[in-house]
Each structure stands twice: as structure tokens, then as C-alpha cells.
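What follows is the residue order along each chain.
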Amino acid sequence: MAEETSGIKVKVREFGSGVKEVSLKNRVSVGELVKSLGYIIEEYVVAVSGTIVTEDYLINDGDEVVLYPVVSGG
Amino acid sequence: MANCSICSKQAIYVIKSGGLALCKKHFLEYFDRKVRRTIRKNKLFRKNEHIVIAVSGGKDSLSLLHYTVNLSKRARMGWRITALTIDEGISGYRDYTIKRVEELSSSLGVELKIASFKDYFGYTLDEVVKISGERGLPYLPCTYCGVFRRYLLNRVAREISGTVLATAHHLDDVVQTYLINIFNNNWSNIHKLTPSLTSIHKLFVRRVKPFYEVLEKETTLYAILNGLYPSERTECPYAPLSFRWQVRRVLNYLEESRPGLKYSTMKSLMEATSLKNVASSEAMTCIVCGEPSSHEVCKACQLRAELGLLELREVKT
Ligand SMILES: [Zn+2]
Ligand SMILES: [Zn+2]
């Protein structure tokens, strides 16, 4: 699924927490990105640049990814 | 990039077990159909019902309040809706969430009732947790919180003349509770895990779960799409201490490798609860406080007695 590029950078913000910059060697899907951060895709709704996307969405260089945790106490 | 199976617009949600992708519009339709089916099939809401909705201020209960008020406008069944919030007294947590409930209920035009542990029991949850520690009692904060909250929800719903109490428990909650009770071999609790729970006790307010068949991921999406997802992360500080937290994580791992596992577990639960259809629970009256109970002394009074917080004058003779 991933195609070779010279590497891409994305901003990942977990809702309610801080923003982190993630560098990727290749374009990956949202599902793969979430997995690489050590998370379970079942536990997040993901938006890219303000739109909710499915986990097969391919990340572009410069994308702003927001993770909405599904799991919350209360 | 997945497209909607119905209209081929950009999808926002995929039902892996059903091989279906849905756009925003069709996701909301799917969500609505599913909840209405649960309500209809299990006769959750009748005509002229006074529906009391337990609202904690989290995304799930805000979604339930929002959904039910909108359904009420379409259904024209003469419902009256009141939001009921329990203030447990957890510092730094409840202050935010109560503000959210106040904002949503006023924008939806529904009444809001707030009842606190402090007012009814004399102590906040933080104080109870401290006393419990000093006494070396074996309970986790979530035990006190759960027991006292359920107790107050029933009592206050009745006091404000509610005819039915709706909670935002979704499929994930229900399946977690099912598994926890299997681990504990607690079948009387499993039999209570139905979309609608009644009791022959006249002080027991019928308790319903309209989101019974909805995944937590789906209530989250509903919340985000309707601008109800909380802007600051405020989860209960005690939640990660609970066993439920671990069960939830395990279930999500399993669901990822075997999509549809939560649904099949729910079907297992439905089969188990249909084996014994009449809930004989909560049919007794607590000899201390007079509330419905499944034992001679209700769980809330038992915990208060162990904490040394029960005053003798409260004992009804
Ligand atoms: Zn569509
Ligand atoms: Zn009692």
C-alpha cells in the first residue's frame, strides 16, 4: 500500500493532549499510522484536516491528523 | 479511500464485519435506525413518558440527551425529558463536565436536575475514598461511585416523578459488564443486563439503555458530528484503576483482529438473559433506607456502614 517517497512529515494531535510531529519514510494509511504510534484503531476516530476519514486513508505530506479517543472514563 | 456503499460519497465509517462503508449522512441514518429499533423492539419509551436521562457530561450521555430530544420532536409521543446529573464530588473533574451538561440542556431546552453525593450521603466521593483507605477497606473508587450513583439515579428520578430512567450505556459497556460478571460468576447481574430493566418493587424506576446495540466508536462519531465531543479531555481520574479499564482494552484488541466479536458477544448475552426473563432482582426493600434492593440491606447502605458513615438515626424501624 505504501509507495516510496523521500519521506513525509505530519502533525498528529491527540484530542485533549499535545501535538507531535511524526516523520514517516513512506506514505502510510491512517490505520498504519495509528498502529505505529502504539495505539489500537478501534479506540480512535481520526480526522485529517478537519474531515473524518476511514482507516485506509493515505496520509499526505503536511497533513494535520487529529485523533479523537473513543475510550474515555465516565 | 473508502466510499459510501449507498451514495458513493466519501465514507467516514466502515462496518468491517458487515463490509459496509458509510458517508456522514448515511452514518447518521444508520445510527438513528439502529437506536430506534432498540427502542421499538424493547418498548423502551411509551406514550406520555417522563424520561429522565442520566447525563454525566461525557460524550456518550451528551449524545443520548441530544438524540432523545431530537427523537422526541419527531416521535410526538408526548414525552417530557429531564437531564439528571450526579455530582460525585471528584475534584477537578466534575466542575468541567457539569458546565457542559448545563450548556447542552439549556440549548436543547430541557430541565436539568443536579444531585450530589454530599447532599444525599453527607460525603463527596473524594472523602469516601480517603476514609476507605484509612479503614483499609478493599474497594476501588469505582465500586463506591457505581453503587452510590445507581442508588441516587433511581431515588432522584423517582423524586422528580420520572417514569423511566435512560442511561447512555452502549454495546461496549454492556459487553464489558457481561464479561466481568462471567469472570465473577455473577449470574444475577448478568440477568439485569437487558435493554429494559423493571422490578416488581414500586420504588424502582424502570431503567433503559437506548444505545444497547450501538458501539462506543459510533456514539463517539455521533458526538463529533453533532459538536458534542468535549473540547478538553476530562476522564474520571479514578477510571484507569478499574478492572473494567483492562477488560475494555483487551476487547478492543480482540475486535481489531476479529471484527464483529463485540456483536457476537452481545448475542451471547441476549441468549443468556432470555433464559430467565423476569428480573427478580431489586424486589426487596432495604431495611436501612427503604429503597429497592436485592438484599436485606442495599449495597449503598452496606458500603456506608463499612465506611462508618451510616448514622443510626437513618435506620428505619
Ligand atoms: Zn452515503
Ligand atoms: Zn439502603
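As the structure is a prediction and not an experimental result, all values here were calculated from the model.

## A short note on the pattern of salt bridges
Residues and elements named next belong to chain B.
So, step 1. By the definition in use, this model includes 20 salt bridges over all chains.
So, step 2. Residue Lys25 is joined to Glu29 by a salt bridge in which the shortest nitrogen-to-oxygen separation is 3.9 Å. Taken together, the residues span about one helical turn, with Lys25 and Glu29 both in helix α1 (residues 24-41) at a distance of 4 residues.
So, step 3. Across the salt bridge formed by Glu127 and Lys118, the nearest N and O atoms sit 3.3 Å from each other.
So, step 4. Connected through shared salt-bridge partners, Lys59, Asp60, Glu216 and Arg248 make up one network.

## Some remarks on the packing of α1(B) against helix α9 (residues 216-225) of chain B
Pairs of packed helices are described in terms of their axes, by the angle between the two and the distance that separates them.
Residues and elements named next belong to chain B.
So, step 1. With their axes 11 Å apart at the nearest point, α1 and α9 run at an angle of 125 degrees to one another. Here α1 lies oblique to α9, going by the angle between them. Crossing of α1 against α9: the hand is left-handed. Listed contacts from α9 to Lys24, Phe27, Leu28, Tyr30, Phe31 and Lys34 of α1 are Glu218, Thr219, Leu221, Tyr222 and Leu225.

## Considering the coordination of the zinc ion (ligand 2)
Residues and elements named next belong to chain B.
So, step 1. Protein-derived coordination of the zinc ion (ligand 2) comes from Cys286 (SG), Cys289 (SG), Cys298 (SG) and Cys301 (SG), at a distance range of 2.3 to 2.4 Å.
So, step 2. One can describe the donor arrangement at the zinc ion (ligand 2) as tetrahedral, given that its 4 donor atoms subtend angles of 104 to 116 degrees at the metal.
So, step 3. Counting residues between consecutive donors of the zinc ion (ligand 2) along the chain gives the motif C-x2-C-x8-C-x2-C.

## A word on the interface of chain A and chain B
So, step 1. Across the contact, 24 residues belong to chain A and 33 residues belong to chain B.
So, step 2. Linking chain A with chain B are 3 salt bridges.
So, step 3. With a closest N to O distance of 2.9 Å, B:Lys16 and A:Glu55 form a salt bridge.
So, step 4. Where chain A touches chain B, the interface holds 10 residue pairs in polar contact (both at pLDDT 80 or more).
So, step 5. Elements that contribute at least two residues to the side of chain A that touches chain B include exactly β3 (44-48), β4 (51-53) and β5 (64-69) of chain A.
So, step 6. Here the side of chain A that touches chain B takes 3 residues from β4(A), the largest share from any one element.
So, step 7. Its residues assigned to classes, the side of chain A that touches chain B shows 12 nonpolar, 7 polar and 5 charged.

## A look at the domain arrangement of chain B
All names here are of chain B.
So, step 1. Assigned domains of chain B: these are domain 1 (1-32) and domain 2 (43-280).
So, step 2. Between domain 1 and domain 2, the C-alpha centre-to-centre distance is 27 Å.
So, step 3. At the junction of the two partners, domain 1 supplies 10 residues and domain 2 supplies 15 residues.
So, step 4. Summing the contributions of domain 1 and of domain 2, the shared interface buries around 1,100 Å²; its carbon and sulfur component is 71%.
So, step 5. Summed over the three residues of domain 1 that lose the most area to domain 2, namely Tyr13, Phe31 and Asp32, the buried surface amounts to 48% of that side.
So, step 6. Counting the contacts that link domain 1 with domain 2 gives 1 salt bridge.
So, step 7. One salt bridge in this structure joins Arg74 and Asp32, with 3.1 Å as the shortest N-O distance.
So, step 8. Put simply, domain 1 and domain 2 have 5 residue pairs in polar contact (both at pLDDT 80 or more) between them.
So, step 9. With 6 residues, the top contributor of residues to the side of domain 1 that touches domain 2 is α1.
So, step 10. Residues of the side of domain 1 that touches domain 2, tallied by class, amount to 6 nonpolar, 1 polar and 3 charged.

## Section: the confidence of the model for chain B
So, step 1. Of all residues in chain B, 95% have pLDDT values of 70 or greater, and the mean over the chain is 91.
So, step 2. Two numbers describe this predicted complex: its pTM, 0.90, and its ipTM, 0.89.

## Structural notes on the environment of A:Ser49
All names here are of chain A.
So, step 1. Mapped onto the elements, Ser49 comes out in the loop between β3 and β4.
So, step 2. Once the C-alpha coordinates of Ser49 and Asp63 are considered, the two residues, 14 residues apart in sequence, prove to be 6.6 Å apart.
So, step 3. The residues contacting Ser49, other than those within four sequence positions of it, are Asp63 and Glu64.

## Some thoughts on the packing of aromatic side chains
Residue and element names in this part refer to chain B.
So, step 1. In this structure the tally under the stated criterion is 21 aromatic pairs over all chains.
So, step 2. Geometrically, the ring pair formed by Tyr13 and Phe27 is edge-to-face, given 5.4 Å between the ring centres and 70 degrees between the ring planes. One end of the pair, Tyr13, is in strand β1 (residues 13-15); the other, Phe27, is in helix α1, with 14 residues separating them in the sequence. Residues Tyr13 and Phe27 agree in their burial class; the two are buried.
So, step 3. Summarising the aromatic geometry, the rings of Phe183 and Phe243 are spaced 6.1 Å apart at their centres and angled 65 degrees between planes, so their arrangement reads as edge-to-face. Of this pair, Phe183 sits in helix α7 (residues 171-183) while Phe243 sits in helix α10 (residues 243-257), and the two are 60 residues apart along the sequence.
So, step 4. Residue class for Phe243 comes out partly exposed when judged on its relative accessible area of 40%.
So, step 5. Ring pairs connect the aromatic residues Tyr13, Phe27, Tyr30, Phe31, Tyr67, Phe211 and Tyr222, which therefore count as one cluster.

Cut-off values and rules
- For every chain, the first residue of its written sequence is number 1, and the numbers climb from 1 along that sequence.
- By the order in which they are written, chains take letters starting at A while ligands take numbers starting at 1.
- The predicted nature of this model means local features are confined to residues of pLDDT at least 70 and side-chain atom pairs, given and counted, to a pLDDT of 80 or more, with totals for whole chains, interfaces and linings taken over all residues.
- Side-chain measures were taken over the full set of non-hydrogen atoms in the model, leaving aside hydrogen atoms and water.
- Salt bridges are defined as contacts in which a side-chain nitrogen from Lys or Arg sits within 4 Å of a carboxyl oxygen from Asp or Glu.
- Helix and strand definitions follow DSSP, with helices as H or I runs of at least four residues and strands as E runs of at least two, each counted in order from the N terminus.
- Under this scheme, a helix contributes an axis fitted over its contacting stretch, all axes are lines through C-alpha atoms, and angles between N-to-C directions fall in the 0 to 180 degree range.
- Roughly parallel means an angle under 35 degrees; roughly antiparallel, over 145; roughly perpendicular, 65 to 115; everything else is oblique.
- Note on convention: near helix rotated counterclockwise from far helix by under a right angle means a left-handed crossing. Clockwise means right-handed.
- Whether two residues touch is decided by their heavy atoms; if any such pair falls within 4.5 Å, the residues are in contact.
- Sodium, potassium and calcium take a 3.2 Å donor cutoff, other metals 2.8 Å, and in both cases only N, O and S atoms count; water is not among them, so sites may look incomplete.
- A four-donor site is classed as tetrahedral when every donor-metal-donor angle falls between 85 and 135 degrees; four donors are called square planar, and six octahedral, when trans pairs exceed 155 degrees and all remaining angles lie between 65 and 115, with any other arrangement labelled irregular.
- Under this definition, polar contacts are N or O atom pairs within 3.5 Å; protein pairs additionally need one hydrogen-donor-capable and one acceptor-capable atom, and for neighbouring residues in sequence, both atoms have to be side-chain atoms.
- Polarity classes work like this: nonpolar for Ala, Val, Leu, Ile, Met, Phe, Trp, Tyr, Cys and Pro, charged for Asp, Glu, Lys and Arg, and polar for all others, with Gly in that last group.
- An automatic or database domain assignment supplies the start and end points of every domain.
- Put simply, buried area is how much 1.4 Å-probe accessible surface two parts lose in total, over both of them, once they are put together.
- Summary of the metric used: pLDDT quantifies the predictor's per-residue confidence within the range 0 to 100.
- Two aromatic rings, drawn from Phe, Tyr or Trp (for Trp, its six-membered ring), form a pair once their centres lie within 6.5 Å of each other, and the interplanar angle then sorts them: stacked below 30 degrees, edge-to-face above 60, tilted otherwise.
- We call a residue buried when its accessible area falls under 20% of the maximum for its residue type, exposed when it is over 50%, and partly exposed in between, using a 1.4 Å probe and counting protein chains only.

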